[in-house]
Amino acid sequence: MNQSQITIQAIKQAKKDQRKLVMITAYDYPFGLMADEAGVDIVLVGDSLGMVVMGLDGTVKVTMEHMIHHIKAVVRGCKRPLVVGDMPFMSYNTSVRDAIINAGRLMKEGGCDVVKLEGGTDFAPIVAGIVKAGIPVQGHVGLTPQTASALGGFKMQGKDAQAAKRIVDDARALEDAGVFSMILEAVPAPLGKIVSEAVSVPVIGIGAGSDVDGQVLVTHDMIGLFDKFTPKFVKQYTQIRPTIIDAMKAYKEEVVKKSFPAPEHSFSMPEQALEELKKMIQD
Ligand code: KIV
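Residues numbered from 1 in each chain as written. Predicted model: local features only at pLDDT ≥ 70, side-chain atom pairs only at ≥ 80, totals over all residues. Heavy atoms only, no water.

Looking at the side chain of threonine 25
Relative to the assigned elements, threonine 25 resides in strand E1 (residues 21–25). What makes threonine 25 buried here is its relative accessible area of 3%. Not counting chain neighbours up to four residues away, the residues in contact with threonine 25 comprise Leu44, Ser48, Leu217, Val218 and Thr219. (Helix = DSSP H or I, 4+ residues; strand = E, 2+ residues; numbered from the N terminus. Buried < 20%, exposed > 50% of the residue type's maximum accessible area, 1.4 Å probe, protein only. Contact = heavy atoms within 4.5 Å.)

In structure tokens:
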């Protein structure tokens, strides 16, 4: 581990110091490098890659092999941030043993520092098993995209008092199971504050308001690279997609017009070698 790399202790300390944590997703080497250069604390190789990179309609079909492939690339670009590997659907849901084996694979084969998995109270024994095996775990409660269909779709969670109380219970159960932090997704802002105050580990929000201990966004949403669906809680800091399409169009036009490649983009050949070659071809 690089000396200056963000540690789990530093993540936990941030909450005590009331310093907001900054987390973002990345799925490949260039985005890992950029996240590192931007100075974020945590980089998540999320199974959201199923949607924003692979063009799937959800995260359910993402496999361990997909995750390992993408984690490896991101890790090569990230020197300072803590890299979180997301556990794909059914890689941890079947048993504590399966969960430990697969969490171990993400770390050993992928090279991530910690793993993340979705689920609250029901998954506390799984989390406890992985933590006991020596693998740090980040939890994920509120809207859990892998089981979104069971939750009624990609909708805000914790709308009424009972549902909100279940989310607080989930967060407490994860803390007791040993998570070092947790994601809280798509809940009313006041509930975000309540959950953050209910546990001692950092609560990193995505659509959970500003009174949590940090924020995470899917990079491809935040830079306007993925335009199929933009949740309410996303702020687009740039619109990169039209810029890329414009560049591709300009390239296409220049190739068709024969103005690209220009001499400055071409390699030259000594005159004598060229003449010799022409003769050799004629003979
Ligand atoms: O997979 C992912 O990118 C996530 C974020 C939405 C937190 O889980």
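What to know about the site of the ligand
By nearness alone, every residue bordering the ligand is listed as Thr25, Leu44, Gly46, Asp47, Ser48, Asp86, Lys116, His140, Glu185, Ile206 and Val218. Side-chain polar atom of aspartate 86 to an oxygen atom of the ligand: 3.2 Å apart, as the coordinates give it. Looking at the shell around the ligand residue by residue, the classes come out as 3 nonpolar, 4 polar and 4 charged. (Near = heavy atom within 4 Å. Polar contact = N/O pair within 3.5 Å; in protein donor to acceptor, adjacent residues only side chain to side chain. Nonpolar A, V, L, I, M, F, W, Y, C, P; charged D, E, K, R; others polar.)

Observations regarding the environment of lysine 228
Inspection of the secondary structure assignment puts lysine 228 in the loop between helix H9 (219–222) and helix H10 (240–257). The exposure class of lysine 228 is exposed, given its relative accessible area of 71%. Sequence-wise, lysine 228 and valine 52 are 176 residues apart; in three dimensions their C-alpha atoms are separated by 8.8 Å.

Things to note about the nonpolar core
Residues Leu106, Val115, Ile130 and Met182 are the most contacted members of the largest nonpolar core, which totals 58 residues. It is helix H7 (residues 161–177) that contributes the most residues to this core, 7 residues altogether. Ignoring sequence-local partners within four residues, the contact set of methionine 182 consists of Gln138, Gly139, Val141, Ala171, Leu174, Glu175, Val199, Val201, Pro202, Val203 and Ile204. Core analysis: the second largest hydrophobic core is formed by 16 residues, Ile6, Ile183, Ile204 and Val216 among them. (Core = buried A, V, L, I, M, F, W, Y, C linked by side-chain atoms within 4.5 Å.)

As for helix H11 (residues 271–282)
End to end, H11 covers 17 Å across 12 residues, agreeing with the expected 16 Å (1.5 Å per residue, within 8%). Where burial is concerned, little of H11 is hidden: 0 out of the 12 residues are buried. (Expected span 1.5 Å × (residues − 1).)

Focus: the pairing of strand E5 (residues 137–142)
Counting buried residues along E5, 6 of its 6 residues qualify, which places the element largely inside the surrounding structure. By the alternation rule, side chains of E5 split into Val137, Gly139 and Val141 and Gln138, His140 and Gly142, which are all buried. The pairing of strand E4 (residues 114–116) with E5 spans 2 bridges and is classified as parallel. Bridging across to E5, valine 115 finds its partner in valine 137. Crossover E4 to E5 through helix H6 (residues 124–132) is right-handed. Relative to strand E6 (residues 181–185), E5 runs parallel, the two being bridged by 5 bridges. When the sheet's bridge partners are listed, glycine 139 is paired in E6 with methionine 182. Once you follow E5 into H7 and on to E6, the crossover reads as right-handed. (Pairing = 2+ DSSP bridges. Right-handed = clockwise from strand over helix to strand, strands pointing away.)

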